[in-house]
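# Per-entry structural report
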Amino acid sequence: MRTSGPDTHPRPRPLKDLAVHDVKVRILSDVALIHGRSTYTMLADGTEQEALYTDAYQKRQGTWVCVSACAIAPGT
């Protein structure tokens, strides 16, 4: 994997049948943490995969704004 240069960002991986599971939302004043699991099917080869994710939102002027997002695919 290249670590520098103009082509260092990962390419999009088209998918279908996205579903979310086991979603937990914790609201801590003006910050919300969302943890969950997603499942999906890769269009390229039809494999079914899952990912764990954590998103962080902050309430700014009355609107929730995503300030951080992280997803990992176990086993990859």
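Quantities reported herein were computed from a predicted structural model and do not represent experimental measurements.

## A few points about the sheet that holds strand E4 (residues 63–72)
Ordered by their spatial adjacency, 4 strands build an open sheet running E1-E2-E3-E4, and the pairing between neighbours is antiparallel. At either end of the open sheet lies a strand with only one pairing partner, and these are strand E1 (15–28) and E4. Averaged over all pairs of adjacent strands, the angle between strand axes in this sheet comes to 25°, irrespective of strand direction.

## Observations concerning a nonpolar patch on the surface
A contiguous nonpolar surface patch, about 460 Å² in accessible area, is contributed by Val-20, Val-23, Val-25, Ile-27 and Trp-64. Looking at the nonpolar patch, the element that brings in the most residues is E1, giving 4 residues. Within the secondary structure, Val-20 sits in strand E1.

## Concerning the pairing of strand E2 (residues 31–42)
Bridging between E1 and E2 involves 10 bridges; their strand directions are antiparallel. Along E2, the bridge assignment pairs Val-20 with Ser-38. Connecting E1 to the antiparallel partner E2 that follows it, the hairpin turn spans 2 residues, and Ser-29 within it adopts a positive phi of roughly 65°. Note that E2 and strand E3 (residues 48–60) share 11 bridges and pair antiparallel. Bridge assignment links Ile-34 to a residue of E3, and that residue is Asp-55.

## What about unusual backbone geometry?
Of note, Asp-17 is a non-glycine position whose phi angle comes to about 55°, a positive value. Inspection of the secondary structure assignment puts Asp-17 in strand E1. Although it is not a glycine, Ser-29 sits at a positive phi angle of roughly 65°. One can find Ser-29 in the loop between E1 and E2. Residue Ser-29 is classed as exposed on the basis of its relative accessible area of 68%.

## So, the pattern of salt bridges
With the rule as written, the count across this model stands at 2 salt bridges. The partner of Asp-22 in a salt bridge is Arg-37, and the shortest N-O contact between them spans 3.2 Å. Remark: Arg-37 occurs in strand E2 and Asp-22 occurs in strand E1; sequence separation between them is 15 residues. The closest approach of N and O atoms between Glu-50 and Arg-37, which form a salt bridge, is 3.2 Å. Taken as a pair, Glu-50 in strand E3 and Arg-37 in strand E2 lie far apart in primary sequence, 13 residues in all. A relative accessible area of 33% places Glu-50 in the partly exposed class. Through salt bridges that share partners, Asp-22, Arg-37 and Glu-50 make up one connected network.

Rules used throughout
- Positions within a chain are numbered from 1, following the residues in the order the chain's sequence is written.
- Local features in a predicted model are, by the rule used here, given only for residues with pLDDT of at least 70; side-chain atom pairs are given and counted only at 80 or more, and totals for whole chains, interfaces and linings are based on all residues.
- Just so you know, side-chain values use all the structure's heavy atoms and leave hydrogens and water out.
- Strands pair, by our definition, only if DSSP identifies at least two bridges between them.
- Helix and strand labels come from DSSP, where a helix needs a run of H or I of at least four residues and a strand needs a run of E of at least two; each type is numbered from the N terminus.
- Orientation is described by axes fitted as lines to C-alpha atoms, over the contacting stretch for helices, and by angles from 0 to 180 degrees between their N-to-C directions.
- Here a patch means residues that are over 30% exposed by relative accessible area and free of salt bridges, tied together within 9 Å if like-charged and within 5 Å if nonpolar (Val, Leu, Ile, Met, Phe, Trp, Tyr).
- Here the accessible surface of atoms and residues is derived via Shrake-Rupley with a 1.4 Å probe, and residues count as covered only by protein chains that are part of the display.
- What counts as a salt bridge is simple: a side-chain nitrogen of Lys or Arg found within 4 Å of a carboxyl oxygen of Asp or Glu.
- Working definition: with a 1.4 Å probe on protein chains only, accessible area under 20% of the residue-type maximum means buried, over 50% means exposed, and in between means partly exposed.

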